[in-house]
Amino acid sequence: MKKPNILIIYTGGTIGMIKNDKGTLLPFTFENLLNYIPLLKNFPANIDSHSFEVLIDSSDADTEFLISLSQVIASNYEKYDGFVILHGSDTMAYTASALSFLLENLTKPVILTGSQLPIGLLRTDGRENIIAAIELACMQRDNKPVFQEVCIYFEDNLYRGNRTNKFSAENFDAFRSPNYPLLAHVGTEIKVFDENLYRNKIDFLIAHNELCNEIAIIKFFPGIQSKTIKAVSKIPELKGIILETYGSGNAPTNLEIVSILKSCIDKGIVVLNITQCTVGRVQQGKYATSAQLKEIGVVSGNDMTTEAAIAKMMFLLSKEFSQKEVSKLLTISLRGEIS
Ligand code: ASP
């Protein structure tokens, strides 16, 4: 069997950081990274690397970064069988979600990984994460990649990227996919859960080049004031609002709040309802406190993560869709982001 061609894309993050004199962690070069995993040179794959010129802590990821990352994959798509992205874990779930929308009809693996401890440390989780991510990216059946979607690999588990969130700032096991099962588990053997894998019917990559970040999130809390929501509604150029509501999509019945949201919708702003709960979904109308949102035209985000909701909104609002079309598409699974 021919050796698979894998492109490792290095963007920064803890995995490749070293401490400066003041003890602050700063990213260092990809060559240094390879020195810590010499095994990669003998891996049963042809491995190339692409390093971003400016290596970032993932907190500095912005829409420009997301688009250039997606373009690196798009411009190398034909040449490689799989892609492994080394990325900070802090915003990895956001990047994975954005890439899933930007790369339409993906039929090759794009696996993001990183680590909680820098690769230079003896107890680093980075070494195993990189090696397993490459091994997963190399997996083929009938000459086709086993994984054909944007994934996150962290501490033994392969997740659908747009279903994840970072849940621990200290455990090696830092990610969760609360509303979707694992794609694979890496132990002494690699167990692939075929029934959970995403498949595109069309094998023709369309790489999108735009994201619209004219959006805002409002997280409800007991005591939230209508003036806060009013201030958000007045943001110039605002095109979308994500409401992080309670439980199954519930929000205060305060008439002022509801009427501000209604005037936003009347003005053409798309308003999406996502639950603050990690597990479960929005069911507008289950309680009176969500029925009012449904009545004024708030869109139900079902069981989407906040990360996926942001990415999907930024993606849809960058297109020439009407408010009605965006609202409709938000409720339909485009990349396996909704159950
Ligand atoms: N602050 C780092 C980042 O997200 C943390 C990590 O890499 O895990 O870039």
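## So, the site of the ligand
Near the ligand you find G13, T14, D57, S58, G88, S89, D90 and S115, and these make up its full shell. The contact in question runs from an oxygen atom of the ligand to an N or O atom on the backbone of T14, over 2.7 Å. In this structure, an oxygen atom belonging to the ligand sits 2.3 Å away from a side-chain N or O atom of S89. In isolation the ligand offers 260 Å² of accessible surface; the protein chains occlude 90% of this area. Classifying every residue of the shell around the ligand gives no nonpolar, six polar and two charged.

## Considerations on the pattern of salt bridges
Going through the model one piece at a time under the given rule, you end up with 10 salt bridges. Across the pair K2 and D81 runs a salt bridge whose closest N-O atoms are separated by 3.7 Å. Of this pair, K2 sits in the segment before β1 (5-12) while D81 sits in the loop between α2 (63-75) and β5 (82-86); the two residues are 79 residues apart in sequence, bridging distant segments of the chain. By relative accessible area, which is 61% here, K2 ends up exposed. For D81, a relative accessible area of 16% gives the class buried. The shortest N-O distance in the salt bridge between D303 and R163 comes to 3.4 Å. Placement of D303 in the loop between β20 (299-300) and α8 (306-317) and of R163 in the loop between β11 (157-160) and β12 (165-166) is noted, with a sequence separation of 140 residues between them. A residue is classified by how much of its surface remains accessible, and D303, at 6% relative accessible area, is buried.

## Quick look at empty space enclosed by the protein
Summed over the entire model, instances satisfying the criterion amount to one cavity of 30 Å³ or more. Here the largest cavity defines a volume of roughly 100 Å³. Within the lining of the largest cavity, the residues separate by chemical class into four nonpolar, six polar and three charged.

## A look at the environment of I274
With respect to the helices, strands and loops of the structure, I274 is situated in strand β19 (residues 270-275). Residues I274 and T305, 31 residues apart in the sequence, show an inter-C-alpha distance of 7.4 Å. Beyond its immediate chain neighbours, meaning those up to four positions away, I274 contacts I242, L243, E244, T245, V282, G301, M304, T306 and A309.

Thresholds, definitions, all that
Residues numbered from 1 in each chain as written. Predicted model: local features only at pLDDT ≥ 70, side-chain atom pairs only at ≥ 80, totals over all residues. Heavy atoms only, no water. Near = heavy atom within 4 Å. Polar contact = N/O pair within 3.5 Å; in protein donor to acceptor, adjacent residues only side chain to side chain. Areas by Shrake-Rupley, 256 points an atom, 1.4 Å probe, with all protein chains shown as cover. Nonpolar A, V, L, I, M, F, W, Y, C, P; charged D, E, K, R; others polar. Salt bridge = Lys/Arg side-chain N within 4 Å of Asp/Glu carboxyl O. Helix = DSSP H or I, 4+ residues; strand = E, 2+ residues; numbered from the N terminus. Buried < 20%, exposed > 50% of the residue type's maximum accessible area, 1.4 Å probe, protein only. 1 Å grid on protein atoms, 1.4 Å probe; cavity = no way out; pocket = protein on both sides within 12 Å on 5 of 7 lines; lining within 4 Å. Points joined across faces, edges and corners; volume = space filled by probe spheres on them. Contact = heavy atoms within 4.5 Å.

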